[in-house]
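Close look at the chain arrangement
Here is how the chains run, residue by residue.
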Amino acid sequence: MQNRQIRSRERSWFYWFTVPIYPYSQRRTIRKEVVKDAVWTFEQLQGIFYVVTPIRMTVVKLDAGGLLVYAPVAPTVECLGLLDEIVSIHGEVRYIILPTASGLEHKVFVPPFARKFPNAQIYIAPDQWSYPINLPLSWLGFPPNRTHLLDGRSIPFNDQFEYAKLGPIRLGLGPFEEIALFDRRSKTLLVTDSVVSVPEVAPEIIQIDPYPLLFHARETVSDPIEDTEANRRKGWQRIALFTFYFRPSGLDIADLVPSVREAVKAPDHSKKALFGWYPFHWKLGWQRSFEALRKHRLIVAPILQRLILNREPQIVIDWAQKVASWDFERIIPCHLDAPIVADAIEFRAAFSFLEKNGDRTLPDEDCELLKEIEQGLIKTKVTPPAKEKIG
């Protein structure tokens, strides 16, 4: 009991209410060494309604001594303890990178993380914005004397790194922007959301507490939670489809009132079990949608394909060409699988969906809800219409 309480305190995240998503105030961290004595990842968990995915911070050793941190996660006691073990060997955190302008799940951790390392300089994607009021960065907690823009000017770590800015892609609420960072020393490419790889089984951080996997593995509201390897795999595949499509073609979602009535049949009515509510019905053959996601090692998420990047295909292709000029051997994105063994050719090919002869499109039937969302966003002028494909 005492050890459990200690672990709970070490994983506690006081500011969880700023982005109130699962796992709320308890954020476990796991650390992995990707390149020996050079590159490490720190993974936590995030999600809604048990649709959970990893969120990842990457730490890189600097040739000049010290560390660079790309896309910080919640600086819990556990996370900082794992990082301090690296600091004690390789030196202090010198640079903190916020590589996105619109990713709230990344942005929210940077100010508290920066306060833990008062000597570190913060470099951020330049076109930051907040909603509903566009507040100054200092009001959002960014230290004004230590915060710099990655706007093309020289950076103090350019002897080891190159960076390329995707965007800004102008949308109604604020621009989409991402910074890709290449570490020449380890031949590692760091990205935020632009490309991902979907693993066949759930990432380790999700397997530690498999309840979300088992929750989504059920066929009916009356099915019990059963921890088997098959259920973990099935639950992960369905979570991946939720993550990418919201409502894939193989899923029916019951209306609220009938699904609440059906909850009485559930074997567990606890808060953890969402009081028995399970409105999901998966059709025969739903696995084909998951197999399509894994057809290629690298993909661009359907949300980016359908709602964001197709607004400025030339800007995206030009950025992808620049990144593809770098000699990397692995890619570490902030979500899903990592590291991904992939080269510049595979990276560039992931963006061929923006070209007329491209072959990286995803099944139209799975994107029906995204099409409806797109039409609504265009109608309300939240986003501009998509532009024609290149070529």
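To keep things clear, this report deals only with the structure shown in the data block. If you're wondering where the values come from, they're calculated on a predicted model, not measured in any experiment.

What about the layout of surface pockets?
Size it by volume and the largest pocket reaches roughly 1600 Å³. What lines the largest pocket is a set of 41 residues, and nearest its centre among them are Gln46, Glu105, Thr243, Phe246 and Ile303. Broken down by secondary-structure element, the contributors of at least two residues to the lining of the largest pocket are β2 (39-48), β3 (51-61), α3 (104-107), α7 (229-245), α10 (302-307) and α13 (368-379). For the lining of the largest pocket, a count of residues per class yields 28 nonpolar, 10 polar and three charged.

A word on helix α11 (residues 313-323)
Among the residues making up α11, those that are buried are Pro313, Val316, Ile317, Trp319, Ala320 and Val323. Projected down its long axis, α11 carries its buried residues within an arc of 160°, all on one side. Those residues of α11 that are buried lie in contact with β8 (161-169), β9 (176-183), β10 (188-190) and α12 (344-349).

Some thoughts on the pattern of salt bridges
By the definition in use, this model includes 24 salt bridges. Between glutamate 200 and arginine 233 there is a salt bridge, and its shortest N-O distance comes to 3.0 Å. Within this pair, whereas glutamate 200 is found in the loop between β10 and α5 (204-207), its partner arginine 233 is found in helix α7, the two being separated by 33 residues in sequence. Classification of arginine 233 as partly exposed rests on a relative accessible area of 31%. The salt bridge involving arginine 348 is made with glutamate 355; its shortest N-O contact spans 2.6 Å. On the basis of relative accessibility, which here comes to 16%, the residue arginine 348 falls in the buried class. One continuous salt-bridge network, built from bridges that share partners, spans Lys187, Asp327 and Glu329.

So, unusual backbone geometry
The residue after tyrosine 22, namely proline 23, is reached through a cis peptide bond having omega 5°. Mapped onto the elements of the fold, proline 23 is located in the loop between α1 (2-10) and β1 (30-35). Looking along the chain, the bond that leaves alanine 338 and enters proline 339 is cis, with omega of -5°. Looking at where proline 339 falls in the secondary structure, it is placed in the loop between β13 (330-332) and β14 (340-341). Although it is not a glycine, tyrosine 24 adopts a positive phi angle of roughly 60°.

What to know about empty space enclosed by the protein
A water-sized probe, rolled over the atoms, reveals where empty space remains. Inspection of every chain in the model, using the stated rule, returns one cavity of 30 Å³ or more. One number sums up the size of the largest cavity: a volume of about 50 Å³. Every residue lining the largest cavity is listed: Trp13, Tyr15, Trp16, Thr18, Val19, Ile21, Arg27, Gln46, Glu105, Val108 and Phe109. Among the residues forming the lining of the largest cavity, the class breakdown is seven nonpolar, two polar and two charged.

A few points about the pairing of β9
For β9, the tally of buried residues reaches eight of eight residues, placing the bulk of the element in the interior. Side-chain alternation along β9 places Phe176, Glu178, Ala180 and Phe182 on one buried face and Glu177, Ile179, Leu181 and Asp183 on a second face that is also buried. When β8 meets β9, the two strands line up antiparallel, connected through seven bridges. Across the sheet, the residue bridging to phenylalanine 161 is aspartate 183, located in β9. Taking the residues that link successive antiparallel strands as the turn, the β8-β9 hairpin has six residues. Note: β9 against β10, three bridges, orientation antiparallel. What sits directly across from leucine 181, in β10, is leucine 190. Counting the residues in the hairpin turn of β9 and β10 gives four residues, including lysine 187, whose phi is positive at 55°.

Conventions and cut-offs
- Residues numbered from 1 in each chain as written.
- Predicted model: local features only at pLDDT ≥ 70, side-chain atom pairs only at ≥ 80, totals over all residues.
- Heavy atoms only, no water.
- 1 Å grid on protein atoms, 1.4 Å probe; cavity = no way out; pocket = protein on both sides within 12 Å on 5 of 7 lines; lining within 4 Å.
- Points joined across faces, edges and corners; volume = space filled by probe spheres on them.
- Helix = DSSP H or I, 4+ residues; strand = E, 2+ residues; numbered from the N terminus.
- Nonpolar A, V, L, I, M, F, W, Y, C, P; charged D, E, K, R; others polar.
- Buried < 20%, exposed > 50% of the residue type's maximum accessible area, 1.4 Å probe, protein only.
- Arc of directions from axis to C-beta.
- Contact = heavy atoms within 4.5 Å.
- Salt bridge = Lys/Arg side-chain N within 4 Å of Asp/Glu carboxyl O.
- Pairing = 2+ DSSP bridges.

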